[in-house]
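Here's the letter readout for the chains.
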Amino acid sequence: MQVKLAESEADIERVADVMLELRTAFARADLIAQMQAQRGEGYQVAWVEADGEVLCVAGYVVGTKLAWGRHIYVDDLVTAARHRSTGAGRTMIGWLKAHA
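This structure is a prediction, so every number in the text was calculated from the model and none was measured.

Novice: Give me the lowdown on the pattern of salt bridges, citing residues and values where you can.
Specialist: Under the criterion given, the structure shown has six salt bridges. Residue Asp17 is joined to Arg28 by a salt bridge in which the shortest nitrogen-to-oxygen separation is 2.8 Å. With Asp17 in helix α1 (residues 9-20) and Arg28 in helix α2 (residues 28-39), the pair connects residues that are 11 residues apart, well separated along the chain. A network of salt bridges, in which partner residues are shared, links Lys4, Arg14 and Glu49.

Novice: Requested: an account of the nonpolar core, with residues and values cited.
Specialist: Core analysis: the largest hydrophobic core is formed by 17 residues, its most contacted members being Val15, Met19, Met35, Val45 and Val57. Among the elements that take part in this core, α1 stands out by supplying six residues, more than any other. Setting aside its immediate chain neighbours within four residues, Val15 contacts Met35, Val45, Trp47, Val54 and Val57.

How each quantity is defined
- Residues numbered from 1 in each chain as written.
- Predicted model: local features only at pLDDT ≥ 70, side-chain atom pairs only at ≥ 80, totals over all residues.
- Heavy atoms only, no water.
- Salt bridge = Lys/Arg side-chain N within 4 Å of Asp/Glu carboxyl O.
- Helix = DSSP H or I, 4+ residues; strand = E, 2+ residues; numbered from the N terminus.
- Core = buried A, V, L, I, M, F, W, Y, C linked by side-chain atoms within 4.5 Å.
- Buried < 20%, exposed > 50% of the residue type's maximum accessible area, 1.4 Å probe, protein only.
- Contact = heavy atoms within 4.5 Å.

See the structure below:
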């Protein structure tokens, strides 16, 4: 399993179907537009991939606070239903901790 960081709209489109499993109120195109808009405000997206397939997606913001110092606030975290209990979520959480 490998963690990748979204750098383009194509990356956001690639992870959208898994993110839709969490954010079911959105239509796919609206979700992609919202994620792109939030990227302009510091929102970042990472995903776990294996064998060319997206297993888990996280949307987060890195910040610094007087109380906590550098931290990550995770807005969204979802593992695709068919890949739950495979270690993808654990991989993502470990990556997020190291990234912070």
